[in-house]
Amino acid sequence: MDTPSICQSTASQADFVVVANRLPLHLDTCDPSAPRWRRSPGGLVSALEPILRARRGAWVGWAGTTTQVTEAALPDQEIHMQAVPLGENEYREYYEGFSNATLWPLFHDVMVPPDFDQSSWHSYQRVNQRFAQQAAALAAPGATVWVQDYQLMLVPALLRALRPDVRIGFFLHIPFPPPELFLQLPWRTQIMDGILGADLIGFQLPGGARNFLHLVSRLRGHESVREAQRPPLLGKVLSGGRKVSVGAFPISVDASAMEELARSKVVRERARQIRRQLGGSRKIMLAVDRLDYTKGIDQRLRAFEGLLADGRAAAKDTVLVQIATPSRERVEHYRLRRARIEAQVGQINGTFGQVGQVPVHYMHTTVDHTELAALYRAADVMLVTPLRDGMNLVAKEFIAARPDLGGALVLSEFAGAAHELTRALLVNPYHLSELKDVMAAALELDEADARSRMGCLRRHVFERDVHRWAHSFLTVLGDGGHEPDLPNVAALPRAAMVA
Ligand code: ADQ
C-alpha cells in the first residue's frame, strides 16, 4: 500500500496561520488498498473551515495518524495543510494523557479525577514545542497566528520566543475553570504563562475570561491585571512589558451553509424518509454528541427511561434517536462511559420495546452532513443536555437547520450556548425530575409557542454566526482587514427574521 500523504507544500509562507491539534482531515482506511483523506467531524473544524477557505490561510495540525506522512495528496487544495508528526507514545501521553485525561476533566468541573502524570506533562511540552516550531517556520513576517484550544496552551509563549514579530491569538474552546480547580494542576504556572504569550486570549463566555483574570491576579498579583470596559474585552494583563487582552467570544456555526443544506431536496426527502422509518406519527427526540462523559448522555437516557416508566411517554408514540460519535476510545473513562450507555440503551429497549417499536435508536457512529441535516429537520425535539460544555455547536446547527420554524430545543444551562439561546427550554441536567419535566414539556409544546421561540433563536444564530465570531476575534487582535464578508442582516433568510 502506498503511504497516504499530507502536503509538504513548497508554497510560500502564510499571512494567516491556524494552529490546532488536528488538521481538518482524517485518514479513511476502510479500503486498505485505497486509503483516502476525509473531512473530520468536530466543533473546531466546523467552526474554522469556512474562515480558512475564505482567507486562503494555512493550517498546522496533526494528521490523525502516527504513520509517517510524506507527500502531497490532499483532497482540498484551497487550504494549505502542514502536518505535525506525532509518534505512538506521544499520542498516548500528549493527547490521550495530558490533554484528555488531565486538562479535559480539570476544565470540566473535575467530573472524573484528572491524572497528574509527570511523563505526560513532558510529552505535552515537547509536542507543543514542535507545533510552535512548525508555525514559526510557516508564518510570514508580521503574520497573524491563531492558536486553538487546550491541547496547545504552551504554544503562544513558545511561538513568541521564536517569532516575536508575529501577532498571536489564542482561543479556548472549552470552559476555563475557577481558580480553585485550576490550581490543582501541578504545572499551573507554566500553563498560565504559556497562554499569556498571546496578544489576545479569547474564551467562550465572560465567566471563563473572569476565571482566567482571577487566576492571573492570584499567581501574579493584583497589579498585573486591569479591567477593560469595552466588551468583548473584560481585562488586560501586563506581562513581560506587554499588554495581553482577555475577552469573551462565543463561537457559532456557519448558519447559512446549514440552512442551505437543510432546504435542499435531498435533505427534505431524507428527513421525510427518516420520519416514515421511525413510525410516521411518532414524535422524534434527537441527540447528537461525541461520546463524552461531559455530554450528559446517560442522564438523558435515564430521564427518557423515567418518562416511559411513569407512562408520560410511550414507545408507540415517542422515539429517542441518539447519535454518539466515537471519541477518545482508548481513554479509560471513555470506554467505561460507552459501556454504561450501551447497557442503558439495552435495558430501556429490553423493558419498553416491542417488535417494530424500539424506544431508543442508538448509533455509535459519525454521520455525514446531509444525514445530520436530515436528522435535525426530522426531529420534533432536540436534546442538548451536557453537564458542562464550552459552547455546543449542535444546538446552533439544529436551529440553523429549521427554516420551517419547527422543532423544540431542550438545552442545558451548563452549555455555553445557554447564555445566548435563552428562548430554548433550559434545564439543569443534574436534576432528573426537572429534566423529565422539560423533556415532557418539549414533546407537548404548543405549536405557536414553538415557532415563536424558534424564530427568536434563529435570529440570534444568523446574526452571530461563525463569520462574526472570527471577525470579532480578529478585529480585536488587530487583524480584521481580510475577513470574509459578514452576513448582512437585511439579507438574512426570511424565516430567520421571524420574531
Ligand atoms: P465538541 O465537544 O466536539 O467541541 P460540539 O460543540 O457539540 O462539541 O461540536 C460537535 C460537532 O461535531 C458539531 O459540529 C456536530 O455536528 C459534530 N458531530 C457530533 N456528533 C456527530 C456525529 N455523530 N456525526 C457527525 N457529526 C457529529 C468543542 C467544545 C464545545 C465547543 C466546540 C467549538 O467542547 O463546547 O462548542 O469545541 O468551540
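Each remark here, short or long, concerns the structure printed above.
What comes next is a walk through the structure. (Residues numbered from 1 in each chain as written. Predicted model: local features only at pLDDT ≥ 70, side-chain atom pairs only at ≥ 80, totals over all residues. Heavy atoms only, no water.)

On to the pattern of salt bridges, then. For the structure shown, the criterion picks out 28 salt bridges. A salt bridge links aspartate 199 to arginine 160, with the nearest nitrogen and oxygen atoms 2.9 Å apart. Placement of aspartate 199 in the loop between α6 (188-195) and β8 (200-203) and of arginine 160 in helix α4 (residues 155-162) is noted, with a sequence separation of 39 residues between them. One salt-bridge network, held together by shared partners, links Glu88, Glu96 and Arg330. (Salt bridge = Lys/Arg side-chain N within 4 Å of Asp/Glu carboxyl O. Helix = DSSP H or I, 4+ residues; strand = E, 2+ residues; numbered from the N terminus.)

Position of glutamate 90 among the secondary structure elements: in helix α2 (residues 88-107). Side-chain polar atoms of glutamate 90 contact the side chain of arginine 130, separated by 2.5 Å. Among all residues touching glutamate 90, those that are not within four sequence positions of it are Pro85, Tyr95, Ser123, Arg126, Val127 and Arg130. (Polar contact = N/O pair within 3.5 Å; in protein donor to acceptor, adjacent residues only side chain to side chain. Contact = heavy atoms within 4.5 Å.)

One pass over the structure, following the stated rule, counts one cavity of 30 Å³ or more. Here the largest cavity defines a volume of roughly 40 Å³. The wall of the largest cavity is formed by Gly407, Ala408, Leu409, Arg423, Ala424, Leu425, Leu445, Ala450, Arg453, Met454 and Leu457. Those elements giving two or more residues to the lining of the largest cavity turn out to be β16 (408-412) and α15 (447-463). Top element by residues in the lining of the largest cavity is α15. It accounts for four residues. Taken together, the residues that form the lining of the largest cavity break down as eight nonpolar, one polar and two charged. (1 Å grid on protein atoms, 1.4 Å probe; cavity = no way out; pocket = protein on both sides within 12 Å on 5 of 7 lines; lining within 4 Å. Points joined across faces, edges and corners; volume = space filled by probe spheres on them. Nonpolar A, V, L, I, M, F, W, Y, C, P; charged D, E, K, R; others polar.)

For helix α8 (residues 255-263), the complete set of buried residues consists of Ala255, Met258, Glu259 and Ala262. Buried residues along α8 cover an arc of 100 degrees about the axis, so they all sit on one side. (Buried < 20%, exposed > 50% of the residue type's maximum accessible area, 1.4 Å probe, protein only. Arc of directions from axis to C-beta.)

This model, assessed by the stated rule, comprises 25 aromatic pairs. Between the aromatic rings of phenylalanine 98 and tryptophan 187, the centroid separation amounts to 5.6 Å while the plane-to-plane angle is 65 degrees, which identifies the pairing as edge-to-face. Taken together, the positions of phenylalanine 98 in helix α2 and tryptophan 187 in the loop between α5 (179-182) and α6 put the pair 89 residues apart, joining distant regions of the chain. Its relative accessible area of 0% is what places phenylalanine 98 among the buried residues. (Phe/Tyr/Trp six-rings, centres within 6.5 Å; stacked < 30°, edge-to-face > 60°.)

Not every one of the 26 residues close to the ligand is listed here, only the nearest: His173, Thr325, Asp389, Leu393 and Glu397. Within the contact set of the ligand, an oxygen atom lies 2.6 Å away from a side-chain nitrogen or oxygen of histidine 173. The separation between a nitrogen atom of the ligand and a polar side-chain atom of threonine 325 is 2.5 Å. Elements with a minimum of two residues in the shell around the ligand: α1 (43-55), β12 (283-290), β13 (318-325), α12 (369-378) and α13 (393-400). Across the shell around the ligand, the residue classes tally to eleven nonpolar, ten polar and five charged. Shared between two domains, the shell around the ligand takes at least three residues from each, and those domains are domain 1 (4-248) and domain 2 (255-463). (Near = heavy atom within 4 Å. Domains from an automatic or database assignment.)

In spatial order, the strands read β5-β4-β1-β6-β7-β8-β11-β10-β9; together these nine strands make up an open sheet with mixed pairing. This sheet does not close on itself; its edge strands, each paired only once, are β5 (80-83) and β9 (225-227). Each strand of the sheet is rotated relative to its neighbour by a mean of 20 degrees, with strand direction disregarded. In the sheet, strand β1 (residues 14-22) pairs with strand β6 (residues 139-148) via five bridges, with the strands oriented parallel. Following the sheet pairing, alanine 14 is matched in β6 by alanine 139. Across the sheet, helix α7 (residues 206-220) lies against β8, β9, β10 (233-239) and β11 (242-248), angled at about 25 degrees from β10, the strand it touches most. (Pairing = 2+ DSSP bridges. Axes fitted to C-alpha atoms, helices over the stretch in contact; angles between N-to-C directions.)

A word on helix α16 (residues 466-477). When the terminal C-alpha atoms of α16 are compared, their 16 Å separation across twelve residues agrees well with the 16 Å that a helix rising 1.5 Å per residue should span. Among the residues of α16, those classed as buried are Val466, His467, Trp469, Ala470, Phe473, Leu474 and Leu477. The arc that holds every buried residue of α16, seen down its axis, measures 160 degrees, which confines them to one face. The N-capping residue of α16, defined by a side-chain oxygen 3.1 Å from the backbone nitrogen of histidine 467, is aspartate 465. (Expected span 1.5 Å × (residues − 1).)

Here the focus is unusual backbone geometry. The omega torsion of the bond from proline 231 to proline 232 falls at 10 degrees, within 30 degrees of zero and hence cis. Tracing the backbone through its elements, the reader meets proline 232 in the loop between β9 and β10. In this structure, aspartate 109 is a non-glycine residue whose phi angle is positive, near 65 degrees. Positionally, aspartate 109 belongs in the loop between α2 and α3 (118-138). For aspartate 109, a relative accessible area of 32% gives the class partly exposed. A positive phi angle is found at arginine 328, which is not glycine, with a value near 45 degrees. Looking at the secondary structure, you find arginine 328 in the loop between β13 and α11 (332-352).

Quick look at the nonpolar core now. A general trend in soluble globular proteins is that nonpolar side chains are found buried together. Core analysis: the largest hydrophobic core is formed by 70 residues, its most contacted members being Tyr376, Leu409 and Leu411. Setting aside its immediate chain neighbours within four residues, leucine 409 contacts Met382, Val384, Ala395, Phe398, Ile399, Leu421, Ala424 and Leu425. One finds Val17, Leu159, Leu196 and Leu213 within the second-largest nonpolar core, a separate group that totals 67 residues. (Core = buried A, V, L, I, M, F, W, Y, C linked by side-chain atoms within 4.5 Å.)

A separate point is the packing of α2 against α3. Interhelical geometry of α2 versus α3 gives an angle of 110 degrees and a closest axis separation of 8 Å. The angle between α2 and α3 falls in the class roughly perpendicular. Together, Glu90, Glu93, Tyr94, Gly97, Phe98, Ser99 and Leu103 of α2 and Ser119, Ser120, Trp121, Ser123, Tyr124, Arg126, Val127, Asn128, Arg130 and Phe131 of α3 make up the contact between the two elements. (Parallel < 35°, antiparallel > 145°, perpendicular 65-115°, else oblique.)

These figures come from the coordinates and say nothing about function on their own.
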